[in-house]
Amino acid sequence: MRELNFTRKWPKLSQPSFTTFRFPRQDKDWEIGETIRIVYKARTRGRETLGEAIIVNKEKRYLAGITSEEAIEDGFPEGLAQMQRWLLSVYDAVQVRNLLHKLTLEWVKGD
């Protein structure tokens, strides 16, 4: 089973359904209907499996097409500007201009 990593325990992870924005994968992209393991800090000693979720929707987006409401729902209470700052602190500016996928997931099993 493939894993989807989070480096923060976002409040959205405690909801039955949540969204996350991800860059397309080069090997095998995420697909609707796929069940994945949700992991906190996957590559550290603090690794914690949070449970399993199924991808129920996938939308293609560019950062310019994300609304402030979506950014707030995604865990950025100050809206889109805060989300943009966070993305630029994690990824380089060229990558941030690339296509993103808005994934909607539903928990099927929590640990």
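Everything discussed here concerns the structure shown above.
Here is what the cut-offs are and how they apply
- Residues numbered from 1 in each chain as written.
- Predicted model: local features only at pLDDT ≥ 70, side-chain atom pairs only at ≥ 80, totals over all residues.
- Heavy atoms only, no water.
- Helix = DSSP H or I, 4+ residues; strand = E, 2+ residues; numbered from the N terminus.
- Buried < 20%, exposed > 50% of the residue type's maximum accessible area, 1.4 Å probe, protein only.
- 1 Å grid on protein atoms, 1.4 Å probe; cavity = no way out; pocket = protein on both sides within 12 Å on 5 of 7 lines; lining within 4 Å.
- Points joined across faces, edges and corners; volume = space filled by probe spheres on them.
- Nonpolar A, V, L, I, M, F, W, Y, C, P; charged D, E, K, R; others polar.
- Arc of directions from axis to C-beta.
- Core = buried A, V, L, I, M, F, W, Y, C linked by side-chain atoms within 4.5 Å.
- Contact = heavy atoms within 4.5 Å.

Visitor: Explain unusual backbone geometry to me, and be specific about the residues and the numbers.
Guide: One non-glycine residue, Lys41, adopts positive backbone phi at about 50 degrees. Inspection of the secondary structure puts Lys41 in the loop between β3 (35-40) and β4 (48-61). You can call Lys41 partly exposed: its relative accessible area is 32%.

Visitor: Tell me about the layout of surface pockets, residues and numbers included.
Guide: Once rolled over the atoms, a probe with the size of a water molecule shows which space is left empty. By volume, the largest pocket amounts to about 630 Å³. Around the largest pocket, the lining comprises 24 residues; the ones closest to its centre are Leu4, Asn5, Phe21, Arg22 and Tyr91. Residue assignment for the lining of the largest pocket shows that the elements contributing at least two residues are β1 (3-6), β2 (17-22) and α2 (80-90). Tallied by class, the residues present in the lining of the largest pocket amount to 14 nonpolar, four polar and six charged.

Visitor: How would you summarise α2 if you had to cite specific residues and measurements?
Guide: Residues of α2 that are buried include every one of Leu80, Met83 and Leu87, and no others. For α2, the buried positions fall inside an angular range of 60 degrees around the axis, keeping them on one side.

Visitor: So what about the nonpolar core? Which residues, and what values?
Guide: Leu4, Phe6, Ile36, Ile38, Ile66, Met83 and Leu105 are the most contacted members of the largest nonpolar core, which has 25 residues in total. If you list the elements that add at least two residues to this core, you get β1, β2, β3, β4, α2 and β5 (100-110). Setting aside chain neighbours within four positions, we find Met83 in contact with Phe21, Ile66, Ala71, Asp74 and Phe76.

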